[in-house]
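Results of the structural survey
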Amino acid sequence: MGLRSVLSGSPVTELTEPVDPRFELAALSVQDESQPLVFDSVAGYPDLSAVTNVVSSRERIAGALDVDRGEIVDAMTRATTDPVPLDGTTAATFEYVATSPTVDDHVPIPTYYDEHERQYIASGIVIAKDPDTGVQNLSFHRLMYDGENEFVMRLVERHLHDIRSRTDGPLDVAIVVGVHPAVELAAATSGSPEMDELEVANALLDGDLAVTKLDGLTVPAEAELVMTATIRDETRAEGPFVDLSRTWDTVRQQPVVEVRDLYLRPDPMIRVVVPGKREHAHLMGLPQEPRIKRIVENTVPTVQEVVLTPGGCSWLHGVVSIEKRTEGDAKNAGLAALAAHPSMKRVVVVDEDIDPADPDAVEWAVATRVQADQDIETVENAKGSSLDPSQDFETGTLTKWLVDATVPSNRDRAEFTEATVPGAAEISLAEYQ
Ligand SMILES: C=C(C)CCOP(=O)(O)O
Ligand SMILES: [Mn+2]
């Protein structure tokens, strides 16, 4: 099950005119994010196509995982709780192309936002093996193209950073671009170091993930593009880059990645993720929700749902709904959520009658159920997201806050319940026309 399997049999928008990977491709991709956009012709690259907006809607994600839209988070929870071991390997669909390649001679590396931006692969999944446990890790890392066979990779202080710090000398990895959305969602999951995200993807695909061996690593057999590479000790300036916050991320010294071998499927379809747009938000934010819910559940078992809100970049703001048992539950649920996802700066806790995915409903709860002097708590000097432009960049800290927008336990719930017109939810104008 590869990338192409989710494009056949469901609507996609197909463009036949040549598209320039420098800005034009990104500009077209944001015209309509409701379904995948296939570029049959990429200027300068006659033998390939490109695709973006593959997971721009929760409906498409649900379709890719063969679940209902409302079951996505539970499917992710099940897959991360019970990963499915990989059962054997198969032949790769990709073929060897070149050693030490000048990468953008072979594949387009887009620019997205501005003249001073560099070319970036924002859809690359890095596969590495933990030197101590042998467990593989998959994670997304933006890759700034630095010419010939070199990139500079944003290496956030998470799992891959930890693997690299425990590896003596350069770290050999594989970089895959263009895989099934289940592999992308699994790679975007920040799970425990013991969790092999390929097994999470295999669980999401009911054991049907085809994998193959490459230079001692296990990689998706149907990947469109694979690069074996080495993360070197050398660092260079990486950025500026527009990331999930939709603001320019700062420039940092980051490790150089040297591409050893390039592999491509025949007639490859190059996977493009436009940074800061909807599918980037889905890939980053959605996999965090089941993990946050699992952690909040340890404190408040009656947690109902967790949503990282698009208005909060699907990363910095969240809403948690609970069935409140006792006063104080909401504050505990908020504290647990902030701890579960350290990149989150604000969490609003609502009762179970409020849809956390509906920003108007959440604002209505804040407007009618919050007294700021009692229901808002702040946590100063906490480590926030590196993507948050409001942070103190010297310390990397900021103030986090939680809002208890639940009905006070000592008040009558009926006073805070939204009135509805009888039958309004069932009746329809069509019946009277
Ligand atoms: C996309 C990136 C750089 C991940 C941001 O991770 P965080 O600084 O932990 O919020
Ligand atoms: Mn991991």
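Reading the values: rules and limits
- Residues numbered from 1 in each chain as written.
- Chains lettered and ligands numbered in written order.
- Predicted model: local features only at pLDDT ≥ 70, side-chain atom pairs only at ≥ 80, totals over all residues.
- Heavy atoms only, no water.
- Donors = N, O, S within 2.8 Å, 3.2 Å for Na, K, Ca; no water.
- Helix = DSSP H or I, 4+ residues; strand = E, 2+ residues; numbered from the N terminus.
- Buried < 20%, exposed > 50% of the residue type's maximum accessible area, 1.4 Å probe, protein only.
- 1 Å grid on protein atoms, 1.4 Å probe; cavity = no way out; pocket = protein on both sides within 12 Å on 5 of 7 lines; lining within 4 Å.
- Points joined across faces, edges and corners; volume = space filled by probe spheres on them.
- Nonpolar A, V, L, I, M, F, W, Y, C, P; charged D, E, K, R; others polar.
- Domains from an automatic or database assignment.
- Near = heavy atom within 4 Å.
- Polar contact = N/O pair within 3.5 Å; in protein donor to acceptor, adjacent residues only side chain to side chain.
- Areas by Shrake-Rupley, 256 points an atom, 1.4 Å probe, with all protein chains shown as cover.
- Sits in = over half its atoms within 2 Å of the grid points.
- Pairing = 2+ DSSP bridges.
- Axes fitted to C-alpha atoms, helices over the stretch in contact; angles between N-to-C directions.
- Contact = heavy atoms within 4.5 Å.
- Buried area = accessible area lost by both parts, 1.4 Å probe.
- Salt bridge = Lys/Arg side-chain N within 4 Å of Asp/Glu carboxyl O.
- Lys, Arg positive; Asp, Glu negative; His and termini not counted.
- Phe/Tyr/Trp six-rings, centres within 6.5 Å; stacked < 30°, edge-to-face > 60°.
- Lys NZ or Arg CZ within 6 Å of the ring centre and 35° of its normal.

1. Concerning the coordination of the manganese ion (ligand 2)
Taken together, Asn137 (OD1), His159 (ND1) and Glu197 (OE) make up the full set of protein donors to the manganese ion (ligand 2), lying 2.0 to 2.3 Å away. Look at where the donors of the manganese ion (ligand 2) fall in the sequence and you get N-x21-H-x37-E. You can see asparagine 137 sitting in strand β7 (residues 136-140) and its partner glutamate 197 sitting in helix α7 (residues 197-204), a full 60 residues away along the chain. You can call asparagine 137 buried: its relative accessible area is 2%.

2. What about empty space enclosed by the protein?
Think of a ball as big as a water molecule: rolled over the atoms, this probe shows where empty space is left. A full pass over the atoms with the stated rule returns two cavities of 30 Å³ or more. Along the walls of the largest cavity sit 15 residues, with Pro108, Ile121, Ser123, Ile270 and Arg271 positioned nearest its centre. Of all elements in the fold, only β5 (120-121) and β17 (269-271) reach the threshold of two or more residues within the lining of the largest cavity. Looking at the lining of the largest cavity residue by residue, the class counts come to 13 nonpolar, one polar and one charged. Along its surface, the second largest cavity is lined by Met1, Gly2, Gly178, Val179, His180, Val183, Leu209, Ala210, Pro220, Ala221, Glu222 and Ala223. Looking at the lining of the second largest cavity, its residues break down into eight nonpolar, three polar and one charged.

3. Here we look at the layout of surface pockets
Of the pockets and cavities examined, the largest pocket occupies roughly 1,100 Å³. Taken together, 42 residues line the largest pocket, and the ones lying closest to its centre are Phe140, Val156, Arg158, Met284 and Trp315. With four residues, the single largest contributor to the lining of the largest pocket is β7. In this structure, the lining of the largest pocket is formed jointly by two domains, domain 1 (3-273) and domain 2 (284-416), each of which donates at least three residues.

4. Structural notes on the site of ligand 1
In the vicinity of ligand 1, the contacting residues are Val156, Arg158, Asp243, Met284, Trp315, Ser343, Ser385, Ser386 and Leu387. In the environment of ligand 1, an oxygen atom lies 2.8 Å from a nitrogen or oxygen atom belonging to the side chain of tryptophan 315. Between an oxygen atom of ligand 1 and a side-chain N or O atom of serine 385, the distance comes to 2.6 Å. Protein chains bury 87% of the 320 Å² of accessible surface belonging to ligand 1 in isolation. Spatially, ligand 1 is embedded in the largest pocket. Among the residues forming the shell around ligand 1, the class breakdown is four nonpolar, three polar and two charged. Two domains each provide a minimum of three residues to the shell around ligand 1, namely domain 1 (3-273) and domain 2 (284-416).

5. Some details on the sheet that holds strand β20 (residues 346-351)
Here five strands make up an open sheet; going across it, the order is β18-β19-β20-β22-β21 and the pairing mixed. The open sheet has two edge strands, β18 (303-308) and β21 (376-383), and neither has a second partner. Each strand of the sheet is rotated relative to its neighbour by a mean of 15°, with strand direction disregarded. For β21 and strand β22 (residues 397-404), the ladder comprises six bridges, and the chain directions are antiparallel. Bridge pairing in β22 links valine 379 to lysine 400. The strands touched by helix α10 (residues 329-340) within the sheet are β19 (317-322), β20, β21 and β22, with β22 carrying the most contacts at an inclination of about 150°. Taken strand by strand, helix α11 (residues 359-369) contacts β19, β20 and β22, and its axis lies near 80° from that of β20.

6. Overview of the domain arrangement of the protein
Partitioning the protein into structural domains gives domain 1 (3-273) and domain 2 (284-416). In this complex, domain 1 contributes 24 residues to the contact, which on the side of domain 2 involves 18 residues. Surface buried jointly by domain 1 and domain 2 totals about 1,700 Å² across both partners, of which 62% is contributed by carbon and sulfur atoms. On the surface where domain 1 and domain 2 come into contact, there are one salt bridge. Viewed at the interface, domain 2 and domain 1 are joined by nine residue pairs in polar contact (both at pLDDT 80 or more). Listing elements by their share of the side of domain 1 that touches domain 2, those giving two or more residues are α2 (58-65) and α3 (72-81).

7. Points about the side chain of aspartate 404
With respect to the secondary-structure elements, aspartate 404 resides in strand β22. Buried charge aspartate 404 goes without a salt bridge, the closest partner of opposite sign being lysine 324 at 4.5 Å. A distance of 2.4 Å separates polar atoms of two side chains, one belonging to aspartate 404 and the other to threonine 406. The residues touching aspartate 404, leaving out its near neighbours within four places in the chain, are Lys324, Glu327, Ala330, Lys331, Val349, Arg369, Val370 and Asp375.

8. Some points on the packing of aromatic side chains
For the structure shown, the criterion picks out five aromatic pairs. Between phenylalanine 94 and tyrosine 263, the aromatic rings sit 5.8 Å apart at their centres with planes inclined by 75°, giving edge-to-face as the arrangement. A residue pair is termed long-range when its members are at least 10 positions apart, and phenylalanine 94 in the loop between α3 and β4 (95-99) and tyrosine 263 in strand β16 (residues 252-264) qualify at 169 residues. Judged by its relative accessible area of 7%, phenylalanine 94 is buried. Residue tyrosine 263 is classed as buried on the basis of its relative accessible area of 11%. Summarising the aromatic geometry, the rings of tyrosine 120 and phenylalanine 241 are spaced 4.2 Å apart at their centres and angled 45° between planes, so their arrangement reads as tilted. In this pair, tyrosine 120 sits in strand β5 while phenylalanine 241 sits in strand β14 (residues 241-242), placing the two residues 121 residues apart along the sequence. Given the relative accessible area of 0%, tyrosine 120 is considered buried. Three or more aromatic residues joined by ring pairs form one cluster here, namely Phe94, Tyr96 and Tyr263. Over the aromatic face of tryptophan 401 sits the side chain of arginine 346, whose NZ or CZ is 5.5 Å from the ring centroid.

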